[in-house]
Amino acid sequence: MLDTLQSEAENIQSFLEIETSDNPQEIKERLATLSVYIARTGKMLADAKRLLREKKSSQIAETIIRIAKENYLSAKAQNELVDSLAVDENQLVDWLDRLNKTCVHQCDICRTMLSYAKQEMAYSGYNQ
């Protein structure tokens, strides 16, 4: 599941890195796609957080915590030790959170661009 989420996140990342044109129809299409990606990245983020929790609560994490307690490591050091077991899962959670927020920001930008285009059309019709 981790690999599937990472692959899909790469596809969404690629889409988000495409510069938006000023064509109103393309902006509307981008908005439609972004709204789907907002929903999708939200679900993906929840799935990634579940994977992270599973990884952290696995038998390996419990064993390392037990070993760490015997060696008198601080709670912070124990948490960092457990986090080090879940590097990929932590990275995916962070990435999906940023992708989701980027989709929201790009929607705002697209709406602003559409408003501007609408205003330009009204203004150019007024000047003719």
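Look up: the structure comes first, before these words.
Here's a quick rundown of the structure. (Residues numbered from 1 in each chain as written. Predicted model: local features only at pLDDT ≥ 70, side-chain atom pairs only at ≥ 80, totals over all residues. Heavy atoms only, no water.)

**Observations regarding the state of the cysteines**
- Within this structure, the stated rule accounts for zero disulfides.
- Here Cys-107 is not cross-linked by a disulfide; its sulfur's nearest cysteine counterpart is in Cys-110, at 6.5 Å.
- Cys-110 sits in the buried class, given a relative accessible area of 1%. (Disulfide = S-S within 2.5 Å. Buried < 20%, exposed > 50% of the residue type's maximum accessible area, 1.4 Å probe, protein only.)

**Re the side chain of Glu-89**
- Tracing the chain through its elements places Glu-89 in helix α5 (residues 87-126).
- Overall, the relative accessible area of 11% leaves Glu-89 in the buried class. (Helix = DSSP H or I, 4+ residues; strand = E, 2+ residues; numbered from the N terminus.)

**Looking at the pattern of salt bridges**
- Counted by the stated rule, this structure contains six salt bridges.
- In this structure, Glu-54 engages Arg-50 in a salt bridge whose closest nitrogen and oxygen atoms are separated by 2.8 Å. Placement of both Glu-54 and Arg-50 in helix α2 (residues 24-56) is noted, with a separation of four residues, approximately one turn of the helix.
- On the basis of relative accessible area, Glu-54 is assigned to the partly exposed category, the value being 41%.
- Residue class for Arg-50 comes out partly exposed when judged on its relative accessible area of 31%. (Salt bridge = Lys/Arg side-chain N within 4 Å of Asp/Glu carboxyl O.)

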